[in-house]
Structure formats: C-alpha cells, structure tokens
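# Summary of structural features
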Amino acid sequence: MLDRLRPQVAVEVGTHHGGSLQVLAAYSGFVHSIDIDPAVRAALSPSFRNVKFHAGSSCELLPSVLAEIGASGRPLGFVLVDGDHSSRGVRGDLEGLLRHRPQAPVHILVHDSFNPDNDPLSEHDFGRFEYDSAILYWKIDYYDLELAWGSPDPANSDVTTRVLTILLAEEY
C-alpha cells in the first residue's frame, strides 16, 4: 500500500520499537511519530532523518501535529493508528483524525484494535464507533482489482482491492 501511495507526509501513532516506522520512513517523504514513551525519541531519532518525534498522549498531541502538517503545505497521505489498542484510545485517535480537514485523500490504517466493543462478531472487517454524538459503522469489503466482483482471494493483495465504507448507523 505504501509503495503505491508514497505519501508526502505520514503519521504513526504508537511507535514503540520502530518496526512500522522503518517502513513508513522508507516510503514517505516525512513522518510524524507519536508515542507515549519519551524514550522512543532518544532511542530511534539517530536512525531516522525524515521523522519528527512527538512524546505524549496521542489524543492530546494529534491536533497540534495535524495543524503543523496543515501549515506545512504538504498533504497528509497516510496514518497508522497503532497506539493504545483500547476502544477509548482508538476512538480518541480516530475522532482526532476525523476532525482534520485534509488537503487530499488520507488513508488510515488501524492496527490491533479489535475488541468486543467494536467487533462483536470477531470478523475484523466490521466495527462501530461514536463521533459527535452519532453512531457510525465501518466495514471493509473485498473486491477484485477492477472493483466489479468479489475478490477471488481476499487475503491476497495482488488480486484484491479493499474498500472501507463509513456510514451512519441509521443508514445500515
């Protein structure tokens, strides 16, 4: 996905040891790394020239990081949410991202955030969250590369296009 997107700017929420950051930094022009642990900056900054490290709560830092990106004139293209992993933490990060008014399409990937609150059937392709007093559902559908039929092998990204749909619960 990143090889195709090559975002000018990316954000990673939850850097930890920097495994995902290695990939983000290789395929992005610039990356903002947000992690609750201030030791992440000291441990990883020497290895990444195109990364700015932010230490603290993502729910508190995300608005200022997004404002900084907006002021830079370079569009945010990709966000990896891989921080708190609780319903409350993931919801806070997504709410912060949904308040952002992007200059171009933004691809958001949420990692390891399925739990009974947002994935009651444990299928990992459907969930719910609340935003601004509204209940929203999201779902992922798996199509062939032409978006004409279902994918012959949803687990194989070479033959699958994944489509994320976000809708109001009353529309479902």
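Residues numbered from 1 in each chain as written. Predicted model: local features only at pLDDT ≥ 70, side-chain atom pairs only at ≥ 80, totals over all residues. Heavy atoms only, no water.

### Looking at helix H5 (residues 87-99)
The end-to-end C-alpha distance of H5 is 18 Å, a good match for the 18 Å that 13 residues give at a rise of 1.5 Å each. The complete set of buried residues in H5 reads Ser87, Gly89, Val90, Gly92, Asp93, Leu94, Gly96 and Leu97. (Helix = DSSP H or I, 4+ residues; strand = E, 2+ residues; numbered from the N terminus. Expected span 1.5 Å × (residues − 1). Buried < 20%, exposed > 50% of the residue type's maximum accessible area, 1.4 Å probe, protein only.)

### Considerations on the environment of Val159
Looking at the element boundaries, Val159 is found in the loop between strand S7 (134-143) and strand S8 (161-168). The class of Val159 is partly exposed, set by a relative accessible area of 29%. The spatial distance from the C-alpha of Val159 to the C-alpha of His111 is 22 Å, given a sequence separation of 48 residues. Discounting chain neighbours no more than four positions away, the residues touching Val159 are Tyr143, Asp144, Leu145, Ser151, Pro152 and Asp153. (Contact = heavy atoms within 4.5 Å.)

### Thoughts on the nonpolar core
By size, the foremost hydrophobic cluster in this structure holds 15 residues, and its most contacted members are Val11, Ile34, Leu62, Ile69, Leu76 and Leu97. Looking at this core, the elements that each hand over two or more residues are strand S1 (9-13), helix H4 (58-72), strand S4 (76-81) and H5. Ranked by residues supplied to this core, first place goes to H4 with five residues. Excluding residues that lie within four positions of it along the chain, Leu97 makes contacts with Leu62, Leu66, Val79, Val81 and Ile108. (Core = buried A, V, L, I, M, F, W, Y, C linked by side-chain atoms within 4.5 Å.)

### With respect to the sheet that holds S1
A sheet is described by the order of its strands in space; here five strands give the open sequence S3-S2-S1-S4-S5, paired in parallel fashion. Two strands in the sheet have a free side with no partner beyond their single neighbour: strand S3 (51-55) and strand S5 (107-110). If you compare each strand with its neighbour and ignore which way they point, the axes differ by 15° on average. With five bridges connecting them, strand S2 (residues 30-35) and S3 associate as parallel partners. (Pairing = 2+ DSSP bridges. Axes fitted to C-alpha atoms, helices over the stretch in contact; angles between N-to-C directions.)

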